[in-house]
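# Coordinate inspection notes
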Amino acid sequence: MEQIVDVKNIGLRGVKVADTRISDVNGEKGILIYRGYNAIDLARRSTFEEVSFLLLHDHLPARPELEQFHADLISERPVPGVILEFMKMMPASAHPMDILQASVAILANYDLQLHDESREANFKKATRLIAKLPVVVAAWDRIRKGLEPIPPQEDLSHAGNFLYMLTGAAPDPETARDFDVCLILHAEHSFNASTFAGREVASTHAHLYASAAAAVAALSGELHGGANSEVMKALLEVKEEEAVKAWVGEKLRKGGKVMGMGHAVYHTEDPRATVLRGMCERLANRCGEPHWCRLSKAIEQATKEEFRKLKGKEIYPNVDFFSAPVYHMMGISRDLFTPVFALSRIAGWAAHIIEEKFAEAQPKPELYRPDSDYVGTYCGPAACEYVPVEGRSS
Ligand SMILES: CC(C)(COP(=O)(O)OP(=O)(O)OC[C@H]1O[C@@H](n2cnc3c(N)ncnc32)[C@H](O)[C@@H]1OP(=O)(O)O)[C@@H](O)C(=O)NCCC(=O)NCCS
């Protein structure tokens, strides 16, 4: 007899649903581990390409492996023409996350290994998605603005090439490196909503593209990846430091949320936010544009103070808070912030989807099938009696 565990209506908070070898979040100490390595150390010393390899293959690549992975990522960048044709038919108002989700589904049909469910083929598909997502996001940004997409440039890094494809100008090395660090910091975060969505779909034996498209969809909401764009919206709304206290006070007193603050797992500062705050300050100095970073820090402080007063608790910024002013200063449009999150997180999603498919951290693959209690009506002891429409009173 199956044992029923009653953990309903709490959004699965604190409920362990699987084992994973991919990452660990210590919410009390504020430590994030990717495959045994501290993510902050990786952000300092590694590259997104190397971290993607680590997440997928469970070890840091030896030089020949890294060179091969780089070469594969570069050769897999171009997207089928049909992706660009489809984009040209879409209304310019279409949200980049919807375009991204649809593009992932379209890409599936141009992958000759789509139905090859070997581990090797899944790694290849993962590499293709990591390589192509930046091209898709940048192409849509150009097409919706009535501009021609810019083809990827082979001699640029994954991070540098994305920024290049947005504008046609290669970024300066510091900006490219900062963006690379952003990609590393967003690459993986254990069983968050989008990763769980991707794993759940993979548990049905759906292919990697279908699982990844589900993860993109889950990321789009403002309580998850959509928060970074909402942070920027708030910064644009608040405008001036003088307005911060009143804005935050009113928002919290009315039960609203200050986006980018708070976290379901971290009860201390999100270590990624610490790195991004520093990056924000350095970038502000470099661009000679201190406003957005100062405004963000003022909102952070005011939210902490007001939250303490109202709820008697601490609240801290999460990864989305300082990524907003950082991306803004890099010249990235506000509604691309969440797609940028996706083009980094695809590395973690793919690792999780493969782990789920091949039961790499559990004895055997299991279809996710949670339970629920029906709290609707029966109109009687068994079920409501069906009355044809003519016999129903309004
Ligand atoms: C991420 C988030 C959903 C985590 O939530 P959680 O840890 O499960 O905490 P809860 O939603 O249960 O919130 C606990 C309390 O803090 C409040 N709170 C949490 N985050 C808040 C925020 N950003 N602004 C205002 N209040 C917040 C909640 O309203 C709740 O108040 P209550 O106890 O009076 O009902 C939440 O912090 C949030 O909505 N943040 C803003 C969105 C965001 O930045 N998302 C990206 C996450 S990486």
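As the structure is a computational prediction, the values presented were derived from the model and not from experiment. (Residues numbered from 1 in each chain as written. Predicted model: local features only at pLDDT ≥ 70, side-chain atom pairs only at ≥ 80, totals over all residues. Heavy atoms only, no water.)

### Brief notes about the sheet that holds strand β2 (residues 31–34)
Spelled out, the test is: A pair of strands is considered paired only if DSSP assigns at least 2 bridges between the two. Only runs of H or I of at least four residues qualify as helices and only runs of E of at least two qualify as strands under DSSP, and these elements are numbered from the N terminus.
In space, the three strands of this open sheet follow the order β1-β2-β3, with antiparallel pairing throughout. Looking along the sheet, the strands with just one partner apiece sit at the ends: β1 (23–26) and β3 (37–38).

### Focus on the side chain of Lys304
Inclusion rule: Buried means the residue's accessible area, taken with a 1.4 Å probe over protein chains only, is under 20% of the maximum for its type, while exposed means over 50%, and partly exposed covers the values in between. It only takes one pair of heavy atoms within 4.5 Å for two residues to be counted as in contact.
Structurally, the position occupied by Lys304 is in helix α14 (residues 291–311). A residue is classified by how much of its surface remains accessible, and Lys304, at 12% relative accessible area, is buried. Dropping the residues within four chain positions of it, Lys304 is found in contact with Met261, Glu269, Ile315, Tyr316 and Pro317.

### Some words on the layout of surface pockets
Short version of the rule: Using only the protein atoms, space was sampled on a 1 Å grid; points where a 1.4 Å probe fits but cannot get out form cavities, open sets with protein on both sides within 12 Å along at least five of seven lines form pockets, and lining residues are those with an atom within 4 Å of a point. Grid points are joined across faces, edges and corners, and a volume is the space filled by probe spheres set on the points. Note that Gly is not counted as nonpolar here; it falls among the polar residues with everything else outside the nonpolar set of Ala, Val, Leu, Ile, Met, Phe, Trp, Tyr, Cys and Pro and the charged set of Asp, Glu, Lys and Arg.
Estimated volume of the second largest pocket: approximately 930 Å³. Along the wall of the second largest pocket there are 27 residues; nearest its centre are Val5, Val7, Arg369, Pro370 and Asp371. Classifying every residue of the lining of the second largest pocket by side-chain character gives twelve nonpolar, five polar and ten charged.

### Quick word on the pattern of salt bridges
Filter applied, for reference: A side-chain nitrogen of Lys or Arg and a carboxyl oxygen of Asp or Glu constitute a salt bridge if their distance falls within 4 Å.
Taken as a whole and judged by the stated rule, the model has 29 salt bridges. A salt bridge links Lys8 to Asp373, with the nearest nitrogen and oxygen atoms 2.4 Å apart. Of the two residues, Lys8 sits in the segment before β1 while Asp373 sits in the segment after α16 (337–357), which places them 365 residues apart along the sequence. The exposure class assigned to Asp373 is partly exposed, which follows from its relative accessible area of 49%. Taken together, the shared-partner salt bridges in this structure form one network comprising Glu76, Asp111, Arg128 and Lys132.

### Focus on helix α13 (residues 271–287)
Note the following rule: Take the number of residues in a helix, subtract one, and multiply by 1.5 Å to get its expected span.
Taking 1.5 Å per residue as the helical rise, α13 with its 17 residues ought to reach 24 Å, and the 24 Å between its terminal C-alpha atoms agrees with that figure. Taken together, the buried positions of α13 are occupied by Pro271, Arg272, Ala273, Leu276, Arg277, Gly278, Met279, Cys280, Leu283 and Ala284. Where α13 is buried, its residues contact β2, α1 (39–45), α8 (173–186), α14, α15 (319–329) and α16. Positioned one or two residues after α13, Gly288 has a phi angle of 65°, which is positive.

### What about the environment of Gly168?
Examined against the element boundaries, Gly168 turns out to sit in the loop between α7 (158–167) and α8. In this structure the C-alpha to C-alpha distance between Gly168 and Pro151, which are 17 residues apart in sequence, comes to 9.1 Å.

### A closer look at the site of the ligand
The line we're drawing: Throughout this document, a residue counts as near a molecule or strand when at least one of its heavy atoms sits within 4 Å of that molecule or strand. Two N or O atoms form a polar contact when they lie within 3.5 Å of each other; inside protein one atom must be a possible hydrogen donor and the other a possible acceptor, and for residues adjacent in sequence the pair counts only when both atoms belong to side chains. The protein chains shown are the only cover counted for residues, whose accessible areas, like all others here, come from Shrake-Rupley with a 1.4 Å probe.
Of all residues adjacent to the ligand, which total 19 residues, the nearest are Arg13, Val258, Gly260, Met261 and Lys311. Arg13 is positioned such that a nitrogen or oxygen atom in its side chain is 2.8 Å from an oxygen atom of the ligand. When the ligand sits alone it has 850 Å² of accessible area, and the protein chains cover 70% of it. In the shell around the ligand, the residues fall into nine nonpolar, six polar and four charged.

### Quick notes on the state of the cysteines
Put simply, the test is: Disulfides are defined in this document as cysteine sulfur pairs within 2.5 Å.
One pass over the structure, following the stated rule, counts one disulfide. Covalently, Cys379 is tied to Cys384 through a disulfide, its sulfur atoms 2.0 Å apart. Between Cys379 and Cys384, the disulfide has an S-S torsion of 70° and is therefore right-handed. Note on Cys384: relative accessible area 38%, which makes it partly exposed.

### Overview of helix α11 (residues 227–238)
With twelve residues, α11 extends 16 Å between its outermost C-alpha atoms, agreeing within 8% with the 16 Å of an ideal straight helix rising 1.5 Å per residue. Packing partners of the buried residues in α11 comprise α12 (244–253), α14, α15 and α16.

### So, a positive patch on the surface
Under the convention used in this document: Only residues above 30% relative accessible area that lack a salt bridge enter a patch, with like-charged residues linked at up to 9 Å and the nonpolar side chains Val, Leu, Ile, Met, Phe, Trp and Tyr linked at up to 5 Å. We score Asp and Glu as negative and Lys and Arg as positive, and we do not count His or the chain ends. For this purpose, a charge sits on NZ of Lys, CZ of Arg, CG of Asp or CD of Glu.
There is a patch of like positive charges on the surface, built from Arg13, Lys257, Lys311 and Lys313. Judged by relative accessible area, which is 54%, Lys311 ranks as exposed.

### What to know about the nonpolar core
So the rule is basically this: Note on terminology: a nonpolar core comprises buried Ala, Val, Leu, Ile, Met, Phe, Trp, Tyr and Cys residues joined through side-chain atoms within 4.5 Å.
Among the nonpolar cores identified, the biggest contains 111 residues, and Tyr34, Phe179 and Ile332 are the most heavily contacted of them. By residue number, the principal contributor to this core is helix α6 (residues 119–144), which donates 13 residues. Ignoring anything within four residues of it in the chain, the contact list for Ile332 reads Leu163, Leu166, Phe179, Tyr327, Phe337 and Val340.

### With respect to the pairing of β2
Both faces of the sheet carry side chains from a regular strand, because those side chains alternate between them. Here β2 shows a buried face lined by Leu32 and Tyr34 and an unburied face lined by Ile31 and Ile33. Taken together, the four bridges between β1 and β2 define a ladder with antiparallel strand orientation. For Val25, the partnering residue across the bridge sits in β2 and is Leu32. Taken together, β1 and the strand that follows it, β2, pair antiparallel across an intervening segment of four residues, in which Gly30 is found at a positive phi of about 70°. Where β2 folds back on β3, the antiparallel hairpin that results is connected by two residues, among which Arg35 adopts a positive phi of roughly 45°.

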